Amino acid sequence: MNEVSVLVGGKAGDGINSAGAMVAQLLNHLGYRIYLYFDYPSLIRGGHNFAIVRGREIATATCGTQVDFVLALNQETVDRHKDAWKTDTAIIFNTDLVKATGQGIPVREILTAEHAPDIMGNSAVIGGFAKAAGIPWKIVEEVFHSHIPKGTDLNLLVARRGYDRVTTVHPVPPISNPPVPLLTGNEAIGLGMVSGGLEAYVSYPMTPSSSLLHFLAEEQEKLGITVVHPESEIAVILMAMGFASAGRRAAVGTSGGGFCLMTESLSLAGMAEVPLVLLVSQRTGPSTGLPTYTGQSDLLFVLHAGQGEFPRFIVAPGTTEEALYWSGIAMNIAWEFQVPAFILSDKTLSEGTYSTDLSLVQKIPQGDSISWDRTAPYRRYADTPSGISPLAFVGTGGAVVKVNGYAHDEAGITAEEPDIVALMAEKRLRKGEALARAMDRYQQVSLSGNATGLVALLCWGSTAGVCEEVAGPLGLRVVRPVVLSPFPTEPLRKALEGAGMVIAVEENATAQLATLAGQHGITCEKKILRYDGRPFTPELLTTKIREMLS
Amino acid sequence: MTGRQLITDAQNTWCPGCGNFSLQHTLKNVLADIEKEGQSLDNIVLVSGIGCHAKIADYLNINSFYSIHGRTLPVATGIKFANPDLTVICCAGDGDCYAEGLDHLIFAAKRNIDLTVIVHNNRVYGLTTGQYTPTSPRGFKGKSTPLGTREDPFNPIELMLASGATYIARGYSKKMDPLRTLIRQGISHKGFAFIDVLQICATFFPAADYYSPRVYDLKGHDPASFEAACIKAREWDYNSDAPIALGTFYQRNSPVFDGKTAARTLSAVEREQAVREVLNKRT
């Protein structure tokens, strides 16, 4: 199978992510399926950043440890990543800044010759890479025209000079696949939310959720949504609840620390039955932890956050296709059941870029919430068999809508009488049961790899890609609950049927999914855990599994 | 809905003599005035925090969002943003809005969002049975400070002047007619309207004997002058003995922050088209 990996490295501020994105688009237009991993420390300038772009003939969602090309924009890229080199790795470097063996591009000289600004320097190196990989100039032109809308022609002149300086060392053969959208997980989540009727996105910046705030803010007019960045995460969640109580579908986005600030209001949403969608994109914790690195250690926190008992929906997409679909479904579920609905992501998914096969994305149905039938007087918390009370919003003519975070009666008036308190608690529980029943509509558990394999990898979220890639050659089964609340006990049991050994693969130190499955009577004997902020690589995971099986 | 009963059947649990009765009665009159002028009360939303003041959400028969301690303003901001045609009134407490939720108050003023905030400032925590708040006078002996507080109160009028509020007033729960006028002005004001209401707490801070001889109506004061407003605001610092001005300290017109600046909501078809366009840009 054709496959290629490219490492692009430089100083923070050198535009490494965009250079990586251009390399990804070149390979996309050659027909490769892409995964881009972007690694950067938590600073603005000066640190070492790198992106690894991996292209394969079939879908990929993980990076290997070995690369075929290195594009070095700083000396560290050459010095620090030698363990990623193969004997024939091609090094393309900026001769102004880097001493290396390989093919040098005199970036300064090229920019001067074309009277081009410094910001176009990376185009010379990308041009050099294109030639080294034998990519036809026509494709370079096509990609620059689509993805560098400003100064395209000058960028192309600069790229051409880089292209002409280099000889082809590793021809990357074209594949007959058409190019597909390359999306980050956060972009897919945002577009999925919009397909699910999003009208307002409220967020306070926090890595790795911020890129969704930036993306939706940039596209707000086109997508017809309101984007607000208020004073704190506490304000974020409450503003979103204000939107919802006035009838507008709203979502918030944050990471663990910001979500800590939201928990009191999350409980309010549970009690007041305000529909709400939350993206929680995990990073390495506890506390500030590693702001720009990944982790899966907030599953049990998100599951239990907020005082009191109330139903919630949690989905953890593993691919951008799932993110597109499930983010829309999360919007619908929040509004159908009037519950908080979580999209649980992590740095790997949120900030990684993936080829997105739209043919795999099911259509998101137009979600219905149950509306008030105008029988007066309106009772916001009317008791019903499903526990779901018909919705009217503040401002709905003829209705007095009383939303309340205190224990309340059906009309929304504060009540402390034991029978009413119990009645309403049971009503909320019945909503949870209705939600659980509705889960039958969906494929809650993904089963892939060797579906009858005796050894099963049990994973969740972004580790989908690496587990599936590793499982192939080893003949393993991969079982992955996509919905985590309500917990899909029966579908999970079924997917694991006949597996003699279940190995939990998680990016946390305590195997939180395995713990949760155990609470539902599904035992998982073995665990392979990574908790250093870096995603599993196929090589590392293969080694660990082989050790376990030997 | 017209001609509605403005008070619900909920059992009232304020103490006898509580200043909240006056506030509720005043608001009820304001609502009746609004309805008489031909506006529907369906378009009015009351957002409360937590504390004695907040029970008003149960008692007034209008749309309400009974929120949590300190958090009236972000909820109200979301509602106003979502539907700029609504009139949104926050009833907040002094512990509620000057302590736990102070950041939201400052930011709402900074944004000049078109809301009216009425602070039921009784200068004590009532519902938690008598602790000092940010506006209790120095030396206040509450349950958490039996030896007396060792910090000065802050001056909410001055704070709001510094934060960019575009309507700033002070009322008194024992002067209901002027209070009614102030609340009407606050609601009519296009922008962030702040009304600090000195309110009697009959149980934990019965300060009527202090306030009544000291209060006077602001007359001949130019509310358009920020400098004059600052001087008047500093006359009484909520701590030392001084005359206490009631009325409008400051008012100016300034662009408001609301949903009218937001994008137009798309139909489902337009939405899918927009999503497609973004996907194409990524290919």
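Computed from a prediction, not measured in an experiment: that's the story for all the values here.

An account of the overall build of chain A is requested, with residue identities and associated values reported.
When its secondary structure is counted, chain A shows 18 helices and 21 strands. Expected size for 550 residues packed as a compact globule is a radius of gyration near 24 Å; at 25 Å, chain A falls within 12% of this value. Each principal axis of the C-alpha atoms in chain A carries an extent, and together these give about 80 × 55 × 40 Å. Counting the 550 residues in chain A, one finds 59% classified as buried. Considering only intrachain contacts with a sequence separation of at least 6, the fraction spanning at least 24 residues in chain A is 71%.

Lay out the overall build of chain B in plain terms, naming residues and giving numbers.
Check the secondary structure of chain B and you find ten helices and eight strands. Against the 2.2 N^0.38 benchmark of 19 Å for 283 residues, chain B shows a C-alpha radius of gyration of 20 Å, consistent with a compact globule. In terms of overall dimensions, chain B has C-alpha extents of about 70 × 45 × 40 Å along its principal axes. Restricting to contacts in chain B with at least 6 residues of sequence separation, those with at least 24 account for 70%.

Give me the lowdown on the domain arrangement of chain A, citing residues and values where you can.
Residue and element names in this part refer to chain A. Along its sequence, chain A is organised into domain 1 (3-165), domain 2 (183-360) and domain 3 (445-549). Its C-alpha centre places domain 1 at a distance of 34 Å from the equivalent point of domain 3. Listed per partner, the contact involves seven residues of domain 1 and seven residues of domain 3. Looking at the side of domain 1 that touches domain 3, its residues break down into three nonpolar, four polar and no charged.

If you had to explain the sheet that holds strand E4 (residues 116-121) of chain B to someone new, which residues and values would you point to?
Read across the sheet, nine strands follow the order E15(A)-E2(B)-E1(B)-E3(B)-E4(B)-E6(B)-E5(B)-E8(B)-E7(B) without closing on themselves; strand pairing throughout is mixed. Of all the strands in the sheet, just strand E15 (402-404) of chain A together with strand E7 (215-217) of chain B have a single pairing partner and so form its edges. When the angles between neighbouring strand axes are averaged without regard to direction, this sheet yields 20°. As defined by bridge partners, strand E1 (residues 44-48) of chain B adjoins strand E3 (residues 87-93) of chain B across five bridges and the pair is classed as parallel. Bridging from a neighbouring strand, Val45 of chain B pairs with Val88 of chain B of E3 of chain B.

For the nonpolar core, give the residues involved together with the corresponding values.
Of all hydrophobic cores here, the largest spans 249 residues; its most connected members are Ala240 and Leu458 of chain A. The element best represented in this core is helix H12 (residues 320-337) of chain A, accounting for eleven residues. With sequence-adjacent residues up to four places away left out, Leu458 of chain A is seen in contact with Val479, Val502, Ile503, Ala504, Leu513, Ala514, Ala517 and Cys524 of chain A. Grouped together as the second largest cluster of nonpolar side chains are eight residues, Val124, Tyr132, Ile200 and Phe204 of chain B included.

Summarise the interface of chain A and chain B; cite the residues concerned and give the values.
At the interface, 51 residues of chain A touch 46 residues of chain B. If you list the elements that add at least two residues to the side of chain A that touches chain B, you get strand E7 (182-184), helix H7 (185-195), helix H8 (210-223), strand E9 (226-228), helix H9 (233-245), helix H10 (256-272) and E15 of chain A. Here the side of chain A that touches chain B gets eight residues from one element, more than from any other, and that element is H9 of chain A. Taken together, the three bridges between E15 of chain A and strand E2 (residues 63-66) of chain B define a ladder with parallel strand orientation. Following the sheet pairing, Asn404 of chain A is matched in E2 of chain B by Tyr66 of chain B.

Tell me about the confidence of the model for chain B, and please be specific about residues and values.
On average, chain B scores 95 in pLDDT, and the residues at 70 or more come to 97%. Among the scores for the predicted complex, ipTM is 0.97 and pTM is 0.97.

Outline the pairing of strand E8 (residues 244-251) of chain B, supporting the account with residue identities and numerical values.
Within E8 of chain B, six of the eight residues are buried, which leaves the element mostly enclosed by the surrounding structure. One crossover worth recording links E7 of chain B to the parallel E8 of chain B by way of helix H9 (residues 226-235) of chain B, and it is right-handed.

Before we move on, can you summarise the pairing of strand E18 (residues 477-481) of chain A with the specific residues and values?
Residues and elements named next belong to chain A. Burial analysis of E18 places five of its five residues in the buried class, the great majority of the element. With five bridges connecting them, strand E16 (residues 445-449) and E18 associate as antiparallel partners. When the sheet's bridge partners are listed, Gly449 is paired in E18 with Arg477. Of the pairings in the sheet, the one linking strand E17 (residues 455-458) to E18 comprises three bridges and is parallel in character. Bridge assignment links Leu457 to a residue of E18, and that residue is Val478. Read as a crossover between parallel neighbours, the route from E17 over helix H15 (residues 464-474) to E18 is right-handed.

A description of helix H3 (residues 107-114) of chain A should follow, citing residues and the corresponding values.
Residue and element names in this part refer to chain A. Taken as a whole, H3 has its buried residues at Val107, Ile110 and Leu111. Looking down the long axis of H3, one finds its buried residues gathered within 95° of arc, a one-sided arrangement. The exposed set on the far side of H3, more than 90 degrees from its buried face, consists of Thr112 and Ala113. Those residues of H3 that are buried lie in contact with strand E5 (85-94), strand E6 (103-105), helix H4 (121-132) and helix H6 (152-165). Following H3 by one or two positions, His115 adopts a phi angle in the positive range, close to 50°.

Quick rundown of the packing of H3 of chain A against H6 of chain A? Include the residues and the values.
All names here are of chain A. Two elements in contact, H3 and H6, have axes separated by 10 Å at closest approach and are oriented at 135°. With respect to each other, H3 and H6 are oriented oblique. Remark: the crossing between H3 and H6 carries right-handed chirality. Every residue of H6 that contacts H3 at Ile110, Leu111, Ala113 and Glu114 is listed here: Leu154, Leu157, Val158, Arg161 and Gly162.

An account of the sheet that holds E16 of chain A is requested, with residue identities and associated values reported.
All names here are of chain A. An order of E16-E18-E17-E20-E21 is seen for the five strands of this open sheet, with the pairing classed as mixed. One side of each edge strand has no neighbouring strand; the edge strands of this open sheet are E16 and strand E21 (526-529). Here the average twist between neighbouring strands, direction ignored, is 25°. Pairing of E17 with strand E20 (residues 501-506) involves four bridges; the strand directions are parallel. Each residue of the ladder has a partner; that of Val455, found in E20, is Met501.

Requested: an account of the environment of Lys36 of chain B, with residues and values cited.
As for its placement among the helices and strands, Lys36 of chain B is situated in helix H1 (residues 19-36). Under the C-beta neighbour-count criterion, Lys36 of chain B is labelled exposed, with 8 such atoms within 10 Å.

Can you explain the packing of helix H1 (residues 16-29) of chain A against H4 of chain A? Please cite residues and give values.
Residue and element names in this part refer to chain A. Between H1 and H4, whose axes approach to 10 Å, the crossing angle comes to 30°. Between H1 and H4, the interaxial angle falls into the category roughly parallel. As for the relative orientation of H1 and H4, their crossing is right-handed in sense. Two secondary-structure elements touch here, H1 through Ala19, Met22, Val23 and Leu26 and H4 through Asn122, Ile126, Phe129 and Ala130. Across the contact of H1 with H4, the residue classes tally to seven nonpolar, one polar and no charged.

Before we move on, could you go through H10 of chain A and cite the residues and values that matter?
Residue and element names in this part refer to chain A. Taking 1.5 Å as the rise per residue, H10 with 17 residues should run 24 Å; its terminal C-alpha atoms sit 23 Å apart, in good agreement. The largest bend along H10 reaches roughly 50° and is located at Met262. Of the positions making up H10, those classed as buried are Gly256, Gly258, Phe259, Met262, Ser265, Leu266, Leu268, Ala269, Gly270, Met271 and Ala272. On its buried face, H10 sits against H9, strand E10 (250-254), strand E11 (276-282), strand E13 (340-346) and E15. After H10 finishes, the residue Glu273 shows a positive phi value of roughly 60°.

Quick rundown of unusual backbone geometry? Include the residues and the values.
In this model, Ala376 of chain A is joined to Pro377 of chain A through a cis peptide bond whose omega is -5°. For Pro377 of chain A, the position within the fold is in the loop between strand E14 (353-355) and E15. One non-glycine residue with positive phi stands out, namely His115 of chain A, at about 50°. Position of His115 of chain A relative to the elements: it lies in the loop between H3 and H4. A positive phi angle is found at Asn112 of chain B, which is not glycine, with a value near 55°. Within the secondary structure layout, Asn112 of chain B lies in the loop between helix H5 (102-111) and E4.

The rules behind these values
Residues numbered from 1 in each chain as written. Chains lettered and ligands numbered in written order. Predicted model: local features only at pLDDT ≥ 70, side-chain atom pairs only at ≥ 80, totals over all residues. Helix = DSSP H or I, 4+ residues; strand = E, 2+ residues; numbered from the N terminus. Rg over C-alpha atoms; globule rule 2.2 N^0.38 Å. Buried ≥ 20, exposed ≤ 12 C-beta atoms within 10 Å, placed from the backbone. Contact = placed C-beta atoms within 7 Å. Domains from an automatic or database assignment. Nonpolar A, V, L, I, M, F, W, Y, C, P; charged D, E, K, R; others polar. Pairing = 2+ DSSP bridges. Axes fitted to C-alpha atoms, helices over the stretch in contact; angles between N-to-C directions. Core = buried A, V, L, I, M, F, W, Y, C linked by C-beta atoms within 7 Å. pLDDT = per-residue confidence, 0-100. Right-handed = clockwise from strand over helix to strand, strands pointing away. Arc of directions from axis to C-beta. Parallel < 35°, antiparallel > 145°, perpendicular 65-115°, else oblique. Left-handed = near helix turned anticlockwise from the far one by under 90°. Expected span 1.5 Å × (residues − 1). Bend = angle between axes of the 7 residues up to and from the residue.

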